[in-house]
Amino acid sequence: MRSEMTAFMNYMIGIKPAEAAGQERRFFDMKKDQALGYMLVIFAGIMWGTAGLFSTVLSSLGLSASMVALIRLSSGAVFLGIFMLIKYGPEIFKIDAKGLIWCALMGIFVQGLYNVSYSEAVKETGMAAATIMLYTSPVFVSVMSRMLFKEKFTALKVGALVLNIAGCALAVTGGDFGDIHIPLIGLASGLAAGFLYSLLPVINTEALKEYNIMTITFYGLIIGSLLLTVISRPWEYAGQLMNIEAGLAAAGYGLIPTAAAYIAYSVGLEKRLETSKVPIMASIEVVSAAVIGVIALSQELSSGKLVGIAVLLMSIVLMNIDTGKLPAVRLRVRSFARRRA
């Protein structure tokens, strides 16, 4: 009986019996690595969800949206740089001219222009509408992943995308869309923010082929900080920044939703993840932000928002269901049975 089962399993995976043990071990090691990678992306999303708490504190001190973004990028670069130096040594900071191009793309588009577009969308449309438009990013990522990385665009993936966008919309609004007004400039800014945000996993996937993602992220944060320095004019906010509350909020903003989140995200991407799945996993940020809003900012958690959170979580589960191999397995079972007969 045991030899029959062994022969069956070897035939099913299409390898010789002598190779079965090594092949199986490598397969499950890869799956374990990918599972860990997706968990790290989800953890990064949870930390990104704390960004609203720190930005609310800093905004209450009279800082502009671009100044708050500058604080995040610059303090995040400091904490990330310290971690990289301690963990990897000075060699991690070396990069060539081609690598600097990736850093510039990251800093200008994903960090600098993304923050400007999102801030403009919030100003023109409000936080709820801006967040909904931001989370059109998985659609952009899926399209680019199909074009650039030849990833499959399956019905299951489309369903997960639809659920994800619907879940984000409900989690943010609670189903009440009456107060949402979207002028043309707000729509353009919001969709631009969604597209620019979608470039993060795409750029990282390409850069990962030759460079350490943390190195790209570090220099990207610095380049983004330089861009936002020109836009925000930080010297005009010296008075608001000279207090303990601002210092603690700036440190928390740079450490938790920036440096620590990008570290988890970068390590996760190194596990050979599907690029189109990454933003769906990271959308747990919306759930994290909703929970933190209730606990720390006394925001209401309505039944509509709970439904949205449930739908969003369902999209994450759906994105992780792999049914693509089932038809092939059934065919192999029939073929094997005929051969044994």
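Turning next to the overall build of the chain. For the chain, the helix and strand inventory stands at 16 helices and zero strands. A burial count over the chain gives 45% of its 341 residues as buried. Considering only contacts within the chain whose residues lie at least 6 apart along the sequence, 89% involve residues at least 24 apart. Summed over all atoms, the accessible surface of the chain reaches about 17200 Å², with 68% contributed by carbon and sulfur.

Within this structure, the stated rule accounts for 10 aromatic pairs. Relative to Tyr88, the ring of Phe83 has its centre 6.4 Å away and its plane inclined at 80 degrees; by these criteria the two rings are edge-to-face. Every member of this aromatic cluster is reached through a ring pair, and the members are Tyr114, Tyr118, Tyr135 and Tyr197.

With 77 residues, the main nonpolar core has Trp48, Tyr265 and Met281 as its most contacted residues. The biggest single contributor to this core is helix H12 (residues 244–269), with 10 residues. Here Met281 is in contact with Tyr38, Val41, Ile42, Ile316, Met319 and Asn320, once residues within four sequence places are set aside.

What follows concerns the side chain of Thr258. Of note, Thr258 is situated in helix H12. At 3.0 Å, the side chain of Thr258 forms a polar contact with the side chain of Arg72. Among residues more than four places away in sequence, those in contact with Thr258 are Arg72, Gly76, Leu221 and Tyr253.

Its 20 residues give helix H10 (residues 213–232) an end-to-end C-alpha distance of 27 Å, which sits within 8% of 28 Å, the value for a rise of 1.5 Å per residue. Buried within H10 we find Ile213, Met214, Thr215, Ile216, Thr217, Phe218, Gly220, Leu221, Gly224, Ser225, Leu228 and Ser232. Buried residues in H10 make contact with helix H4 (65–88), helix H5 (97–125), helix H9 (184–207) and H12. You can read the cap of H10 off the contacts: a side-chain oxygen lies 2.8 Å from the backbone nitrogen of Met214, and it is on Asn212. Of the residues one or two after H10, Arg233 is the one with positive phi, at around 55 degrees.

Turning to the pattern of salt bridges, a few remarks are in order. As enumerated under the stated definition, the model contains six salt bridges in all. Close ionic contact of Lys157 with Glu274 constitutes a salt bridge, the shortest N to O distance being 3.4 Å. Taken as a pair, Lys157 in helix H8 (residues 155–173) and Glu274 in the loop between H12 and helix H13 (278–282) lie far apart in primary sequence, 117 residues in all. Residue Lys157 is classed as buried on the basis of its relative accessible area of 5%. Using a relative accessible area of 31% as the deciding quantity, one classes Glu274 as partly exposed. Here Arg233 ties to Glu236 by a salt bridge, and the two come within 2.6 Å at their closest N and O atoms. Among the residues examined, Arg233 registers a relative accessible area of 40% and is labelled partly exposed. The partly exposed category is assigned to Glu236, whose relative accessible area is 44%.

Time to look at a nonpolar patch on the surface. Together, Ile101, Leu105, Ile108, Phe109 and Leu113 make up a nonpolar patch on the protein surface, roughly 370 Å² of accessible area in all. By secondary structure assignment, the location of Ile101 is in helix H5.

For the structure shown, the criterion picks out one cavity of 30 Å³ or more. There is about 60 Å³ of room inside the largest cavity. Secondary-structure elements contributing two or more residues to the lining of the largest cavity are H9 and H13. It is H9 that contributes the most residues to the lining of the largest cavity, four residues altogether.

Phi is positive for Lys150, close to 60 degrees, though the residue is something other than glycine. Considering the arrangement of structural elements, one finds Lys150 in the loop between helix H7 (137–149) and H8. Assessed through its relative accessible area of 61%, Lys150 is described here as exposed. One non-glycine residue, Arg233, adopts positive backbone phi at about 55 degrees. By secondary structure assignment, the location of Arg233 is in the loop between H10 and helix H11 (238–241).

Calculation criteria
- Residues numbered from 1 in each chain as written.
- Predicted model: local features only at pLDDT ≥ 70, side-chain atom pairs only at ≥ 80, totals over all residues.
- Heavy atoms only, no water.
- Helix = DSSP H or I, 4+ residues; strand = E, 2+ residues; numbered from the N terminus.
- Buried < 20%, exposed > 50% of the residue type's maximum accessible area, 1.4 Å probe, protein only.
- Contact = heavy atoms within 4.5 Å.
- Areas by Shrake-Rupley, 256 points an atom, 1.4 Å probe, with all protein chains shown as cover.
- Phe/Tyr/Trp six-rings, centres within 6.5 Å; stacked < 30°, edge-to-face > 60°.
- Core = buried A, V, L, I, M, F, W, Y, C linked by side-chain atoms within 4.5 Å.
- Polar contact = N/O pair within 3.5 Å; in protein donor to acceptor, adjacent residues only side chain to side chain.
- Expected span 1.5 Å × (residues − 1).
- Salt bridge = Lys/Arg side-chain N within 4 Å of Asp/Glu carboxyl O.
- Patch = residues over 30% accessible without salt bridge, like charges linked within 9 Å, V, L, I, M, F, W, Y side chains within 5 Å.
- 1 Å grid on protein atoms, 1.4 Å probe; cavity = no way out; pocket = protein on both sides within 12 Å on 5 of 7 lines; lining within 4 Å.
- Points joined across faces, edges and corners; volume = space filled by probe spheres on them.

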